[in-house]
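Reading the structure
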Amino acid sequence: MVCFRSIMMAIWMGGSHCGRTIRGPHTLPSEEDNNGCHHHHHDIDLDEYPHSQPDPSEVDKHQQSKDSVFFRDGKRRIDFVLSYVDDRDGERKQERRREYEANLQKAGLELETEDKSVSDDRKTYFVKIHAPWEVLATYADVLKIKVPFKENDIPVPQDIPMDWLFTPFRLPDHIMNPEPDYFTSPFNKGKIDFFLIDDKETFFPPSVRNRIVYYILARCPYHKTDREDKKGIKRLLNNGTYGSAFPLHDSRYWKPSRDSNSESERFNLYKHWAQFFSFFKEQPLNLIRKYYGEKIGIYFAWLGFYTEMLFFAAVVGLICFLYGLFTFDDNVWSKEICSEEIGGNIIMCPLCDKKCGYWKLNSTCNSSWQSHMFDNVGTVFFAIFMGIWVTLFLEFWKRRQARLEYEWDLVDFEEEQQQLQLRPEYETKCTSRRLNRVTQEMEPYLPVTSQCARTFLSGATVIFWISLIIACIIGVIAYRLAVYAAFASIMKDSPTNNIHMVGSLITPQLATSVTASCINFVIIMILNLMYERVAIWITDMEIPKTHLEYENKLTVKMFLFQFVNYYSSCFYVAFFKGKFVGHPGDYIYMFGWSKLRNEECDPGGCLIELTTQLVIVMSGKQVWGNVQEALVPWVMNRWGSRKARSHPESRYSRWEQDHDLQNFGHLGLFYEYLEMVIQFGFITLFVASFPLAPLLALLNNIIEVRVDAWKFTTQFRRPVASKAHSIGAWQEILNGVAVLSVVTNAFIVAFTSDMIPRLVYMYAYSNDLSMKGYINNSLSVFNISGFSEDNRPDDGESPGWFNSSVITTCRYRDYRYPSGHEKEYSHTMQFWHILAAKLAFIIIMEHVAFMVKFFVAWMIPDVPSEVKARIKRERYLIQEYLHNYEVEKLKIQLSQRSDDCCCTPMIYPDISRHVVLSECL
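Remember, it's a predicted structure, so these values are computed and weren't measured experimentally. (Residues numbered from 1 in each chain as written. Predicted model: local features only at pLDDT ≥ 70, side-chain atom pairs only at ≥ 80, totals over all residues. Heavy atoms only, no water.)

This paragraph deals with the overall build of the protein chain. Check the secondary structure of the protein chain and you find 29 helices and 17 strands. Per-residue burial for the protein chain yields a buried fraction of 51% across its 921 residues. Partitioning the intrachain contacts of the protein chain with sequence separation of at least 6 by distance along the chain shows that 77% fall at a separation of at least 24. For the protein chain, the accessible area works out to roughly 44,000 Å², and carbon and sulfur atoms hold 59% of it. (Helix = DSSP H or I, 4+ residues; strand = E, 2+ residues; numbered from the N terminus. Buried < 20%, exposed > 50% of the residue type's maximum accessible area, 1.4 Å probe, protein only. Contact = heavy atoms within 4.5 Å. Areas by Shrake-Rupley, 256 points an atom, 1.4 Å probe, with all protein chains shown as cover.)

Quick look at the structure:
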């Protein structure tokens, strides 16, 4: 590599070798040179860095440990690392690197290059970057980074009663609170003595340092033409000029750094947070935020809070499940189904054409008992409870988020300012230019016609893929209809009863439901993998202007697709299966013309099938997700570092260790949020069918927190610290899912569960307010002679006990008049009573749930009063301290001039203190 330093040396000293360490002039972002980098003009002290005779102790990697986060002098911290492989034919890349690194030096950064000869693969160069105090102070002022100016003087709340009970869940105080609590104010380079600066080298933590350096890297040009400046590390990574760019971890994760100047925060995070056996401990959120930045910190805060709230939902769900388990003896309708006198004498009509025979109702005895565990009064209570729980979760999260915003100095954070940087792809692909009315500079833009065309194509692609999912679901439904007949034919002599233990539980309905759910899950995962790439491709094709716009567009596309992909099969079973089947003699067929007859619900109801579908899809996704998240990065990292692991620790440099890890892309957190929001949908939208769903989610999330922590700490490079004051667009998606869940659960209880028909029978049709006779009442009668040849079972399909000369009728689930009645096979009045009760229940439940939801939201303020008081106190102090600071500064200036002027100065004589300070309130 030919570096800027060697060019300068060649000009000034007649040529020399390329320097290892390069220190550029310090710079202010307010002045520009011809290359477009902002800087002050300082002379370069060439004698400070001799290159003709490099110090052997600096270069010999056998004598000095390279497992360090400092330059070779052991003093200057490595804030960022760039890596590249020098291609023989890559002259353009060399020129870009040469100009880019020269401009970085002019911006005030200091560079140190590791030659490929000392790297593990003998091919990779590493450029280490250090930001000196002048650069950090300048850009901290530009970015308005908040820094401490006074210790927090607000009294700490009194100890919570019985606080000792929570001791086993606590972490050491130095881990939970790695820094004292301070009042903070935006950094001002002109008032350095206003802030609490003990040591300039450690004043800005590494996460702030790498954020500032990345800000410079993203804006420094590497090629200037008359039309535009090509700039930014992202474009250089995209075109292959550099292979990677990343800040360094501060130590190995399994042991602290030997260097006393290194904080070893990564080791502390691994020891106290990322190990699975710490699952019952609280999360060190302040340390996570300090090490990774606020954006990752807010994700783990949300995930932890969501998991805590799941505990309450899981406990209530478990109680409702146990209620169903222990009230078997009160389940009169299941007893009737299972009894030989009632269920054994009720002959049911065939469930499919030709291949299905007549069957006795008591053959569904087991599924009826299983249904009762989930289809009982507790289900209705739990559905209403979850409507309130989801509101409490979202409202309390807003309060938690507001507290974090204050504690993490995000109250005045303007996300728009941080995200308005144009994406490099936008600048590259938009060749048209127009004048920006605000900056009065020419900027790229996408013509309206191109924008409309791209949006239309993107929307058409999304609709096509959603249609593809629906087509796959229809295919699975066709599979269910076709295979059910085969299972029914195979199982008519009950060969499965010979299977040990579970044989008697396997019915045609269960076999069909389980196999269809498994096939559906496989289709979901395959479509998922394919659509991820398509969604990113069409979002790239739209050329969003900013990173925020890019993330929002991708979020909408991905969630819409995932919503249809994961939930469509559950919606089918919940709201369509068994609802449009017709009746014997006049069945409804799929598409009207096919020979596939629409499915009927089991006599125990469709709820148990919805439960089966939910368990398989939800559990399968969670297990697969955790295995994929943990296993894939681990295998890739083991393979990538297989050679380097055999080296002594002192030779396996810190930058090479991190280079061998997986890159944490800018969409890394997007997939983490997406996974959790899909799970949130499962436990809210269909929770009425499976009260144990929150318990499964709780167990998964306990593992998920530690898997994510382990992955961030051990398997990924350290991400660039970035700010975020909330979970962003996901908050609105969660609100939408919460509202929809009230509707879906009301419909599940009304139309999928048998709760309403049973209550109508007990209060309107039973003589003694009991459930005796309910089964007989809920089954209609059909005359067998009314079957056409297409519907009648084939010879040999019906069981041996069936005698057509003796048995002339069969029963089916519906409320219709029998054969011979003047309204033959039309709906009875009881059907309309039940339908009216179902609609009334939906209206009442929705109104009650929404009223409670909005009342709770109104009662709970989004920002705690304590946080509001602290914010006001901090603003007051900033005004007061700045006022006093300026007054003292002015006194000093005036006292220095007292020799020239003998008059007594009047400092703010007419301004009362409270007038100045009241502005902050």
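Backbone phi values are negative for most residues with the exception of glycine, while trans is the configuration of most peptide bonds. Look at Lys144: it is not a glycine, yet its phi comes out positive at around 55°. Turning to its location among the elements, Lys144 is positioned in the loop between α4 (133–142) and β5 (146–151).

Annotation from UniProt places "transmembrane region" (unreviewed entry) at residues 299–326, 377–397, 462–490, 510–531, 680–703, 733–752 and 839–860. Here residues 377–397 is 100% helix and 0% strand, with 30 Å between the C-alpha atoms at its ends. (UniProt positions renumbered as here; feature names shortened; annotations may be inferred.)

For the pair helix α11 (residues 294–326) and helix α13 (residues 365–374), the least separation of the axes is 7 Å and the interaxial angle reads 145°. Along this stretch, α11 crosses α13, giving a crossing that reads as right-handed. Packed against α11, whose contacting residues are Phe321, Gly324 and Leu325, the element α13 presents His372, Met373 and Phe374 at the interface. The class makeup of the residues in the contact of α11 with α13 is four nonpolar, two polar and no charged. (Axes fitted to C-alpha atoms, helices over the stretch in contact; angles between N-to-C directions. Left-handed = near helix turned anticlockwise from the far one by under 90°. Nonpolar A, V, L, I, M, F, W, Y, C, P; charged D, E, K, R; others polar.)

With that out of the way, let us pick up the pattern of salt bridges. The final tally for this structure, using the stated rule, is 33 salt bridges. Residue Glu265 pairs with Lys290 through a salt bridge whose shortest N-O separation is 2.6 Å. With a gap of 25 residues between them, Glu265 in helix α9 (residues 265–274) and Lys290 in helix α10 (residues 285–292) connect regions that are remote in the sequence. Here Arg816 makes a salt bridge to Asp814, at a shortest N to O gap of 2.8 Å. Across the pair, exposure class does not vary: Arg816 and Asp814 are buried alike. Via salt bridges that share partners, Arg72, Glu112, Glu114 and Lys128 belong to a single interconnected network. (Salt bridge = Lys/Arg side-chain N within 4 Å of Asp/Glu carboxyl O.)

Right, let's talk about the side chain of Thr379 for a bit. The residue Thr379 is located in helix α14 (residues 377–407) in this model. Only 2.2 Å separates the side chain of Thr379 from the backbone oxygen of Phe374, close enough to count as a polar contact. When neighbours within four sequence positions are excluded, Thr379 is seen to be in contact with Phe374 and Ala688. (Polar contact = N/O pair within 3.5 Å; in protein donor to acceptor, adjacent residues only side chain to side chain.)

Looking now at the state of the cysteines. Taken as a whole, this structure holds three disulfides when the rule is applied. For Cys349, the disulfide goes to Cys810, at an S-S distance of 1.9 Å. Measuring the twist about the S-S bond at about 85°, one finds the Cys349-Cys810 disulfide to be right-handed. Of this pair, Cys349 sits in the loop between β10 (347–348) and β11 (359–360) while Cys810 sits in strand β17 (residues 809–813); the two residues are 461 residues apart in sequence, bridging distant segments of the chain. Under the relative-accessibility criterion, Cys349 is labelled buried at 4%. Among the residues examined, Cys810 registers a relative accessible area of 1% and is labelled buried. With its sulfur 1.6 Å from that of its partner, Cys352 forms a disulfide with Cys356. The S-S bond linking Cys352 to Cys356 shows a torsion near 90°; that makes this disulfide right-handed. Considered together, Cys352 and Cys356 belong to a single accessibility category, that of buried residues. (Disulfide = S-S within 2.5 Å.)

So, on to the packing of aromatic side chains. When we look at a pair of aromatic rings, we describe it by the centre distance and by the angle of the planes. In the structure shown here, the tally under the stated rule is 71 aromatic pairs. With 5.4 Å between their ring centres and 15° between their planes, Phe149 and Phe194 make a pair best called stacked. Within this pair, whereas Phe149 is found in strand β5, its partner Phe194 is found in the loop between β6 (182–186) and α6 (200–203), the two being separated by 45 residues in sequence. When sorted by exposure, Phe149 lands in the same class as Phe194, which is buried. Taking 6.4 Å as the distance between ring centres and 55° as the angle between the ring planes, the aromatic pair formed by Phe712 and Phe716 counts as tilted. We note that Phe712, like Phe716, is buried. Sitting above the plane of the Tyr215 ring, Arg219 keeps its charged end 3.7 Å from the centroid. The lysine or arginine in question, Arg718, covers the ring of Tyr291, its NZ or CZ lying 3.8 Å from the ring centre. (Phe/Tyr/Trp six-rings, centres within 6.5 Å; stacked < 30°, edge-to-face > 60°. Lys NZ or Arg CZ within 6 Å of the ring centre and 35° of its normal.)

Quick look at α14 now. The end-to-end C-alpha distance of α14, which contains 31 residues, comes to 45 Å, matching closely the 45 Å that a straight helix rising 1.5 Å per residue would cover. A side-chain oxygen of the first residue of α14 lies 2.8 Å from the backbone nitrogen of Gly378; this N-cap is Asn376. Among the residues trailing α14, Asp409 stands out with phi positive, at a value near 60°. (Expected span 1.5 Å × (residues − 1).)

Moving on to the side chain of Gln731. Topologically, Gln731 is positioned in helix α24 (residues 729–752). Separated by 3.4 Å, the side chains of Gln731 and Trp397 make a polar contact. Once residues within four sequence positions are removed from consideration, Gln731 is found in contact with Leu394, Trp397, Lys398 and Gln401.

Judged by side-chain polarity, Leu165, Phe166, Phe169, Phe276, Phe277, Phe279, Phe280 and Ile703 come together as a nonpolar surface patch covering roughly 790 Å² of accessible area. Looking at where Phe279 falls in the secondary structure, it is placed in the loop between α9 and α10. Here Phe279 falls in the partly exposed class, since its relative accessible area comes to 39%. (Patch = residues over 30% accessible without salt bridge, like charges linked within 9 Å, V, L, I, M, F, W, Y side chains within 5 Å.)

For the rest of this paragraph, the subject is the confidence of the model for the protein chain. Counting all residues, the mean pLDDT for the protein chain is 79, and 83% of those residues have values of 70 or more. Overall, residues 495–503 carries pLDDT values under 50, and its contacts beyond four positions in sequence, including any with other chains, amount to eight contacts. (pLDDT = per-residue confidence, 0-100.)

Attention now goes to the environment of Tyr812. Here Tyr812 shows up in strand β17. Given the relative accessible area of 4%, Tyr812 is considered buried. Between the alpha carbons of Tyr812 and Cys349 there is a distance of 6.0 Å; along the sequence they are 463 residues apart.

End to end, helix α27 (residues 829–859) covers 45 Å across 31 residues, agreeing with the expected 45 Å (1.5 Å per residue, within 8%). Every buried residue belonging to α27 is among Gln830, Ile834, Lys838, Phe841, Ile842, Met845, Glu846, Ala849, Phe850, Lys853 and Val856, and all of these are buried.

With that out of the way, let us pick up the packing of helix α25 (residues 755–765) against α27. Two elements in contact, α25 and α27, have axes separated by 10 Å at closest approach and are oriented at 120°. In terms of orientation, α25 lies oblique with respect to α27. In the packing of α25 onto α27, the handedness of the crossing is right-handed. Note on element contacts: α27 touches α25 through Met829, Gln830, His833, Ile834, Ala837, Lys838 and Phe841, opposite Ile756, Pro757, Val760 and Tyr765. (Parallel < 35°, antiparallel > 145°, perpendicular 65-115°, else oblique.)

Next up on the list: the environment of Ile477. Take Ile477: it is sitting in helix α17 (residues 448–490). With relative accessibility at 12%, the residue Ile477 sits in the buried group. Taking the C-alpha atoms as reference points, Ile477 and Asn520, separated by 43 residues in sequence, lie 9.7 Å from one another. Sequence-distant contacts of Ile477, that is, excluding residues within four places in its chain, are made with Tyr572 and Met590.

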